[in-house]
Amino acid sequence: MDLEQKYLHERIGSMQQLAFVRRAVLEDGKGRNMRVVEISNGSGLRFSVYPDRGMDIGEASFKGIPLAWMTPNGPVAPAFYEAEGLNWLRSWSGGLLTGCGLMNVGGPNRAGGEEHGLHGRLSHTPAGQVNSSARWNSDGVYELKIEGDIRVSRVFGKNLLMTRTIRTAMGDNAIEIEDTVVNEGFRKTPFMLLYHMNFGYPLVNDNTYLEAVEHKVTPQNAIAAAGFREWRFAEAPSEDFAEQVFYHEIPADENGMASMSMINKDENLKLTVSYRTAELPYLVQWKMMGQGEYVMGLEPANCFPEGQENFEKRGLLKLLAPGESVSTKVRVAIEELS
């Protein structure tokens, strides 16, 4: 398809015929009254953004092929959030991207005088200043974009503000996520961030495998160590599969980006997750080959998912000084093999 602006202008009545950003509100179930922004880039890539869930990305597909694993919970409005312990799992929707942080990633713990539930509050915090656009840019590219602010704060406590921008473009089957997090409080604040990307069937199936340049891989625990030789490979669902987590430290390319690809020759697809290592030095791999819980996660992060308390004990916890900001970049690209 010719993507030149003048060529298309003569042949269509509206660009929505090809690509669009569409706002909607859910009206049923646990997701009732939750905002959804649907994006179609006109080249086969479609996905949904949840502004009321920390600008997470839910369903996603390429040319009709689903890419993301969805939990049985479905879309859940943030009003149903239970912060205690592991109750985050009661309202987790899965999807292409779940934000974990901004002050805890990993299991429940007590640190800094606060109780932290699983994976923090980011994914259950509604965004404000939400804006979207679909227009030709100065380079002659039809760009589709949504951005919003997510504030994780407490009176007499911490005050972190994240500004998230998600964009794609017609002719470019990729999703770019750019975040800027600034400490608007007056004391040093722990900063933990993990991009929980959840890929599922049919992209993930018996013959799916992972590919990356040679790098350091560390099993999280004894269960992962037992499956270390097979970390690259998906397998058929099994009843008694115990989740495995691996920490990857992949060297960056000349642009400062590291990448890992997921390849499924049966579906003729290759999906690549890339991230800037200056701010996100780790890729956490979550391998869960259970029945119904059949998912492979590739998760760029500035931490390991071990909780603020444990990560601080390891001397690896990132702190943001008052007024300090950090900007991150993650890209998910999908392509046909041939």
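Quick caveat: nothing in here was measured; it's all calculated off a predicted structure. (Residues numbered from 1 in each chain as written. Predicted model: local features only at pLDDT ≥ 70, side-chain atom pairs only at ≥ 80, totals over all residues. Heavy atoms only, no water.)

(A) Representation of the overall build of the chain within the structure. For the chain, the helix and strand inventory stands at three helices and 24 strands. The globule rule puts the C-alpha radius of gyration for 338 residues at 20 Å, and the 20 Å found for the chain is close to it. When the backbone C-alpha atoms are referred to their principal axes, the chain occupies close to 60 × 45 × 45 Å. Looking at the 338 residues of the chain, the share that counts as buried comes to 53%. Here the chain has roughly 15,300 Å² of accessible surface; of this, 46% comes from carbon and sulfur atoms. (Helix = DSSP H or I, 4+ residues; strand = E, 2+ residues; numbered from the N terminus. Rg over C-alpha atoms; globule rule 2.2 N^0.38 Å. Buried < 20%, exposed > 50% of the residue type's maximum accessible area, 1.4 Å probe, protein only. Areas by Shrake-Rupley, 256 points an atom, 1.4 Å probe, with all protein chains shown as cover.)

(B) View of the side chain of Thr125. Positionally, Thr125 belongs in the loop between strand S8 (114–116) and strand S9 (128–136). Within the structure, Thr125 has its side chain in polar contact with the backbone oxygen of Arg121 (distance 2.8 Å). Residues within four places of Thr125 in sequence aside, it is in contact with Pro51, Asp52, Arg53, Gly54, Ile150, Arg151 and Val152. (Polar contact = N/O pair within 3.5 Å; in protein donor to acceptor, adjacent residues only side chain to side chain. Contact = heavy atoms within 4.5 Å.)

(C) Layout of the nonpolar core. Phe47, Val49, Ile57, Leu102, Ile177, Met197 and Phe199 are the most contacted members of the largest nonpolar core, which has 92 residues in total. Considering each element in turn, this core owes the most residues, six residues, to strand S21 (residues 282–289). Discounting residues that sit within four places of it in the chain, Val49 has contacts with Arg35, Val36, Val37, Ile39, Met55, Asp56, Ile57, Ile146 and Ile166. (Core = buried A, V, L, I, M, F, W, Y, C linked by side-chain atoms within 4.5 Å.)

(D) Spotlight on the environment of Gly106. Note on placement: Gly106 falls in the loop between strand S6 (98–102) and strand S7 (109–111). A relative accessible area of 2% places Gly106 in the buried class. Expressed as a C-alpha distance, the spacing of Gly106 and Asn310, which sit 204 residues apart in the sequence, is 9.5 Å. Residue contacts for Gly106: discarding those within four places in its chain leaves Gly117, Leu118, His119, Pro305, Glu306 and Gly307.

(E) Summary view of the sheet that holds S9. Across the sheet, which stays open at both edges, the eight strands sit in the order S9-S10-S11-S12-S24-S20-S19-S16 with antiparallel pairing between neighbours. Unpaired on one side and paired on the other, S9 and strand S16 (209–211) mark the two borders of the sheet. With direction set aside, neighbouring strand axes in the sheet form an average angle of 15°. Note that strand S20 (residues 269–276) and strand S24 (residues 325–336) share seven bridges and pair antiparallel. Residue pairing across strands places Ser274 opposite Arg331, the latter belonging to S24. (Pairing = 2+ DSSP bridges. Axes fitted to C-alpha atoms, helices over the stretch in contact; angles between N-to-C directions.)

(F) Highlighting the sheet that holds strand S2 (residues 35–40). With respect to topology, five strands assemble into an open sheet ordered S1-S2-S3-S4-S5, the strand pairing being antiparallel. Looking along the sheet, the strands with just one partner apiece sit at the ends: strand S1 (20–25) and strand S5 (65–66). Strand direction decides the pairing type here: S2 and strand S3 (residues 45–50), joined by four bridges, are antiparallel. From the neighbouring strand, Ser40 faces S3, where its bridge partner is Arg46.

(G) Expanded view of the pairing of strand S14 (residues 192–196). Among the five residues in S14, five count as buried, and that is most of the element. On S14, burial covers both faces: Met192, Leu194 and His196 on one face and Leu193 and Tyr195 on the other are all buried.

(H) The arrangement of the packing of aromatic side chains in detail. Per the counting criterion, the structure on display carries nine aromatic pairs. Geometrically, the ring pair formed by Tyr247 and Phe304 is stacked, given 4.1 Å between the ring centres and 0° between the ring planes. Of this pair, Tyr247 sits in strand S18 (residues 244–249) while Phe304 sits in the loop between strand S22 (294–301) and helix H3 (308–313), and the two are 57 residues apart along the sequence. No difference in accessibility class separates Tyr247 from Phe304, as the two residues are buried. Put simply, the rings of Trp69, Trp88, Trp92 and Trp286 pair up and form one aromatic cluster. Here Arg11 stacks its cationic end above the ring of Tyr7, 3.7 Å away from the centre of that ring. Looking at Arg22, its charged tip hangs above the ring of Phe20, at a distance of 4.0 Å from the centre. (Phe/Tyr/Trp six-rings, centres within 6.5 Å; stacked < 30°, edge-to-face > 60°. Lys NZ or Arg CZ within 6 Å of the ring centre and 35° of its normal.)

(I) The environment of Val36, seen in detail. Structurally, the position occupied by Val36 is in strand S2. A sequence separation of 108 residues divides Val36 from Leu144, and the C-alpha atoms of the two residues are 15 Å apart. Ignoring sequence-local partners within four residues, the contact set of Val36 consists of Arg22, Arg23, Ala24, Leu26, Ser48, Val49, Tyr50 and Pro51.

(J) Structural detail: the pairing of S2. Here six bridges tie S1 to S2, and the two strands are oriented antiparallel to one another. Residue pairing across strands places Phe20 opposite Ser40, the latter belonging to S2. Joining the antiparallel neighbours S2 and S3 is a turn of four residues, in which Gly42 adopts a positive phi near 75°.

(K) A look at the pattern of salt bridges. Applying the stated criterion across every chain yields a total of 20 salt bridges. In this structure, the salt-bridge partner of Arg154 is Glu114, at a minimum N-O distance of 3.9 Å. Here Arg154 is found in the loop between strand S10 (142–153) and strand S11 (159–169), whereas its partner Glu114 is found in strand S8, with 40 residues between them in sequence. Judged by relative accessible area, which is 46%, Arg154 ranks as partly exposed. (Salt bridge = Lys/Arg side-chain N within 4 Å of Asp/Glu carboxyl O.)

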